Amino acid sequence: MVSASTDYGYDSKVEGGVIVSRADAAINWIRTNSMWPMPMGLACCAIELMAVGGARFDIARFGAEVMRFSPRQSDCMIVAGTVTYKMAPQVRRIYDQMAAPKWVIAMGACASSGGMYRSYATLQGVDRIVPVDVYVSGCPPRPEALLDALMKLQAKVRREPAARRLLSA
Amino acid sequence: MSAEFLAALRSRFPQAVDRASADHPAVNVPLAEVGAVLKFLRDEQAFDLLMDVTAIDWAEGANPRFTVVYHLLSTTRAGSYIRVAAPCGGMDEAPVAPSVTGLWPGANWHERECYDMFGIRFEGHPDLRRILMWDGYPYHPLRKEFPLAGIETALPGADVAEETGTQVVAAPMAGGPFVASSGEMNLSEAEPRAKDESWSDRVAQPGQTPLRQVKE
């Protein structure tokens, strides 16, 4: 990861002020620590999502407190709740409107698999319309579970070949 | 108390006959009379609140197949609640009933829901569109022949359907519908759960399309 180098660019004026790293590490470091969520609150999971944003659980500790209701300004869509077939195209459109890089957390049983709604009206898992990075179990999940999902997503983002993707895009 | 308005209703509309009911007074009326009966109940018997408009599907081949049911409440006279049922006219597949939006504007959404779920056309309704399912959905889900899991059809939003390669599928019932064991004192046992777990999301039910994942 990021480490100070003392033997590179020896110059008494900048000694100790030069840090050498990979572009991936720097880019991913920036991305992981300011991951602005798009709160796709569709059902009761959204209440837990609000709790995560509150002072007690405080998602701000992970740099993700800036809930953006505009897909243009968000990085991570948190699908919190039951996605009906009627809502599915809108969820996909909002995902399409988010600027890359973008990630998706499927929060709770309904978003992950349709949950207990084995019915004609419910999309059987949001991964059928958008690529999901992290699934969270629970009905609804505890706030800690969502924080854990966010940390797992951050760990995933840290491993991404960000520079190569940026150059190839 | 209830006898008063029932007696008044019967003397005015001799066609109204008692309907078996476990709780509130209920009457059966012919479909042609239902508008007049409801207007009478609203204007002369103070049933000012339309609680619900719903329907019964008596199963395929039954005659009549559909019955529309109106629930009325009086907010000015305590304990006055009446259920009015009328057998639907029309064919099995295209039942019709008169709209009561002229009497209670609140009937608008009730009738739209009833149309959405049962396919009953309310004549005179100002805006009879689906209210729960999306426009263009080809079925009426609360009809008896419709399976709870649903039927394969196109996703609303053709562009999204094409982009994701996804469609509406019959939900994997996975041994469901999920049933709660009422009276079970062990709460984790009492939770709603599928009784048959021999197949699931990963193990497709024989003869059914497995769930398709999103195109990357």
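Everything here concerns the structure above.
The numbers attached to residues start from 1 for each chain and follow its sequence in the written order. Each chain takes a letter, starting from A, and each ligand takes a number, starting from 1, following the order in which they are written. With pLDDT at 70 or above as the cut-off, local features in this predicted model cover only qualifying residues; side-chain atom pairs require 80 or more to be listed or tallied, and sums for whole chains, interfaces and linings still use all residues. Heavy atoms throughout the structure, all of them, feed into the side-chain values; hydrogens and water do not.

> Whenever I open this one, the sheet that holds strand β5 (residues 81–87) of chain B confuses me. Can you help?
Sheet strands pair by backbone hydrogen bonding; their relative direction is either parallel or antiparallel. Residues and elements named next belong to chain B. Sheet architecture is open: 5 strands sit in the order β1-β2-β5-β4-β3, paired in mixed fashion. The strands lining the two open edges of the sheet, one partner per strand, are β1 (17–18) and β3 (49–57). When DSSP locates at least two bridges between a pair of strands, those strands are taken to pair. To qualify as a helix, a DSSP run of H or I must reach at least 4 residues; to qualify as a strand, a run of E must reach at least 2; elements of each kind are numbered from the N terminus. Two elements, β3 and strand β4 (residues 66–73), share 8 bridges in a ladder whose sense is antiparallel. Across the sheet, Leu50 pairs through a bridge with Leu72, a residue of β4. By definition in these notes, contact holds between two residues if any of their heavy atoms fall within 4.5 Å. Only the stretch in contact is used when a helix axis is fitted, and all axes are lines through C-alpha atoms; the angle between N-to-C directions ranges over 0 to 180 degrees. Together, β4 and β5 form the strand contacts of helix α2 (residues 34–44), whose direction differs from that of β5 by roughly 170°. Across the face of the sheet, helix α3 (residues 107–118) comes into contact with β3 and β4 while running at roughly 10° to β3.

> Any chance you could explain the interface of chain B and chain A here in plain terms?
One frequently used descriptor of interface size is the decrease in accessible area upon assembly of the parts. Between chain B and chain A, the contact holds 33 residues from the first and 18 residues from the second. Each salt bridge in this description consists of a side-chain nitrogen of Lys or Arg and a carboxyl oxygen of Asp or Glu lying within 4 Å of one another. Where chain B touches chain A, the interface holds 2 salt bridges. Taking the shortest distance from any N to any O, the salt bridge between A:Arg93 and B:Asp159 comes out at 2.9 Å. Pairing of N or O atoms within 3.5 Å defines a polar contact, subject to two protein rules: one partner must be a possible hydrogen donor and the other a possible acceptor, and residues neighboring in sequence count only if both atoms are side-chain atoms. Our enumeration of links across chain B and chain A arrives at 8 residue pairs in polar contact (both at pLDDT 80 or more). Per-element tally for the side of chain B that touches chain A: the top contributor is helix α4 (residues 158–164) of chain B, with 4 residues. Of the residues that constitute the side of chain B that touches chain A, the class distribution is 22 nonpolar, 6 polar and 5 charged. Any residue that is not Ala, Val, Leu, Ile, Met, Phe, Trp, Tyr, Cys, Pro, Asp, Glu, Lys or Arg is counted as polar, Gly included; the first ten are nonpolar and the last four charged.

> Would you mind showing me how to read the pattern of salt bridges here?
Oppositely charged side chains may form a pair once their charged atoms are brought near each other. Within the structure shown, the criterion is met by 17 salt bridges over all chains. Note that A:Arg92 is salt-bridged to A:Asp96, the shortest N-O span being 3.2 Å. A residue pair is termed a helical-turn pair when its members lie 3 or 4 positions apart in one helix, as A:Arg92 and A:Asp96 do in helix α3 (residues 88–97) at 4 residues. Each residue's exposure class comes from its accessible area (1.4 Å probe, protein chains only) as a fraction of the maximum for that residue type: buried when under 20%, exposed when over 50%, partly exposed otherwise. Judged by relative accessible area, A:Arg92 falls into the buried class, the value being 9%. On the accessibility criterion, A:Asp96 (32% relative accessible area) is partly exposed. In this structure, A:Arg92 engages B:Glu163 in a salt bridge whose closest nitrogen and oxygen atoms are separated by 2.9 Å. With one member in each of two chains, A:Arg92 in helix α3 and B:Glu163 in helix α4 form a pair that bridges those chains.

> Could you clarify how one ought to interpret the environment of B:Ser11 in this entry?
Residues and elements named next belong to chain B. Here Ser11 lies in helix α1 (residues 2–12). A relative accessible area of 61% means that Ser11 is categorised as exposed. Linking Ser11 and Thr166, residues 155 residues apart in sequence, is a C-alpha distance of 59 Å.

> Just to check I follow, could you spell out the environment of A:Ala43 for this structure?
Residue and element names in this part refer to chain A. By the secondary structure assignment, Ala43 is in the loop between β3 (37–41) and α2 (45–53). Judged by relative accessible area, Ala43 falls into the partly exposed class, the value being 27%. Considered as a pair, Ala43 and Ala111 are 68 residues apart in the sequence and their alpha carbons are 9.8 Å apart. The contacts of Ala43, once residues within four sequence positions are left out, are Ala80, Gly81 and Thr82.

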